[in-house]
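Residue-level structural notes
Read off the chains here:
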Amino acid sequence: MKQYNHFINNEYVAPAGGEWMDTINPYTGEAWAQIPKGTDKDVDRAVAAAKAAMTTGPYAKMTPTERGKMMLRLADLVAANAQRLAEIEVRDNGKLMSEMLGQLNYHPEWWRYFGGLADKLEGGVVPIDKPEHFAYTTHEPVGVVGALTAWNSPLMFIAWKCAPAIAAGCSVVVKPSEFTSASTLEFAALTKEAGFPDGVFNVVVGLGPTVGSALVNHPDVAKITFTGSDATGAAIYAQAARTMKRVTLELGGKSPNIVFADADLDKAAAGVISGIFAATGQTCIAGSRLLVENSIKEAFTKRIVALGKSAKKGDPMLADTNIGPVTTPAQYQKVLSYIDIAKGEGARCILGGQAAADMPGGQFVEPTIFTDVTPDMRIAKEEVFGPVLSIIGFDGEEEAIRLGNDTIYGLAAGVWTENIGRAVRMSKALKAGTVWVNTYRAVSYMMPFGGMKHSGLGRESGIDAVRHYLETKSTWISYSDKVPANPFVMR
Ligand code: NAD
């Protein structure tokens, strides 16, 4: 069995504590590799390397143009290794090969986009109102960045976080999910091959409460960027405050997918199904609440049940599989317990509603649809992170907006309508970081992504993402040849 090591200072190094743990293939339920069970000593070593890179190492002297070029080289290397990396991700998280290969083929664009941006982060000369002063701003890297990622799309999160961070001139220490660390460790070798100097990109693997927490508490880490659950995000936010770290948080959701009677119902049905059953529902942007106008509720429900029924469960590596396993045993139990909760609350199960007994590995859940869901039920409020859809009826825009926003989350929303005025009104009224109209689950390196309310803080992707990794410095230079008349007052 392959045994992985941390990646620190451009070398693979064994964990200081000498301990490893198994990483499991959720399709077979079997261990396929071992990953380090790191400790705070490993974090100290990685942060020291990252700090040295930004202060005394060659990275500190690189021009932004050189930095950009090394990022472009990395993009080409990821493109050349996309298939291999995608296979590792599927082996670790059980998501579909078609989805993970799509992510890996797209991944290089983040390095190209932010690599191109690296030498365009200009400051400005301010036409200052004080006489005989020259005033200008410059942007400096915020410092060492700690990047903590979730298990569902490990390398996509690396691109979203590390490409803007490195474009800004920061160095990073990544702590991937303990369930899916292998792809990040394999990716690390490509950064070295691309010419990243020592200490720029480091990976420390281990459990959240030990390795993750040590990174969040480390005094030499200036910024934390995190993707994960809102409970962990809130804990990290509080911890990070003690050392005044900057934070970006990409958290969970309970996104409404809102279908009006005037929608193109074929497109809407496909969008609703892909919103909840793609990736076996294990995405932060899952459209887990279907809000459908009452006049078409019955007919539309029939349509999506028929489409949901056609989903083929199977080996996620195979091209014709639609539904793969749930990634972790704990998540599998959580999804099943939410199905029981929904039944207990009086929601009516019209598809699935149980574990798929016919599948290997033991971690398959049938695609599940509940109707007669009311907004006060837990199944309508809490993130399941699995293939479970709740249907709620509504009448008219006002009620759709009220129900759509009736959640602590605000990550995404879908709107299906052929009425352009309604599309704009809905987008304006919905409290979500992303609103998709007549489409769902579209993301791009160019488009800001992030949550409102409990779904997080800050945005990733798009030009502004790089600002989250920069500090602005204001420099004032007096060119007066006179001594100030009154040194005891503000200028
Ligand atoms: P999680 O919060 O359990 O773990 C995320 C990361 O944090 C892991 O690397 C974990 O080891 C680490 N961690 C756990 N406890 C920690 C602690 N006390 N201190 C520091 N680090 C700690 O989340 P998960 O189960 O891996 O992922 C699923 C969640 O992620 C869902 O809620 C989902 O909605 C969310 N998510 C959000 C986005 C987004 O972009 N908004 C994308 C994907 C997933």
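These numbers come from a predicted model, not from an experiment.

**Focus: the UniProt feature "active site" (unreviewed entry) in the protein**
Those residues carrying the UniProt feature "active site" (unreviewed entry) are Glu250 in this numbering. Tracing the backbone shows Glu250 in strand β12 (residues 246-250). For Glu250, a relative accessible area of 4% corresponds to the buried category. Sequence-distant contacts of Glu250, that is, excluding residues within four places in its chain, are made with Lys161, Phe226, Thr227, Gly228, Leu411, Phe449, Gly450, Gly451, Ser455, Gly458, Arg459 and Glu460.

**Considerations on the pairing of strand β11 (residues 223-227)**
Counting buried residues along β11, 5 of its 5 residues qualify, which places the element largely inside the surrounding structure. Residues Lys223, Thr225 and Thr227 point to one face of β11 and Ile224 and Phe226 to the other, with burial holding for every one of them. Judged from the 4 bridges that link them, strand β8 (residues 145-148) and β11 form a sheet pairing that is parallel. When the bridges of β11 are listed, Leu148 appears paired with Phe226. Strand direction decides the pairing type here: β11 and β12, joined by 5 bridges, are parallel. Note that in β12 the partner of Lys223 across the bridge is Arg246. Remark: the β11/helix α10 (residues 230-242)/β12 crossover connection has right-handed handedness.

**Looking at the side chain of Asn93**
Turning to its location among the elements, Asn93 is positioned in helix α4 (residues 82-93). A polar contact is formed between the side chain of Asn93 and the backbone oxygen of Trp151, at a distance of 3.4 Å. Dropping the residues within four chain positions of it, Asn93 is found in contact with Pro26, Met100, Trp151, Asn152, Ser153, Pro154, Thr180 and Thr327.

The rules behind the values
Residues numbered from 1 in each chain as written. Predicted model: local features only at pLDDT ≥ 70, side-chain atom pairs only at ≥ 80, totals over all residues. Heavy atoms only, no water. UniProt positions renumbered as here; feature names shortened; annotations may be inferred. Helix = DSSP H or I, 4+ residues; strand = E, 2+ residues; numbered from the N terminus. Buried < 20%, exposed > 50% of the residue type's maximum accessible area, 1.4 Å probe, protein only. Contact = heavy atoms within 4.5 Å. Pairing = 2+ DSSP bridges. Right-handed = clockwise from strand over helix to strand, strands pointing away. Polar contact = N/O pair within 3.5 Å; in protein donor to acceptor, adjacent residues only side chain to side chain.

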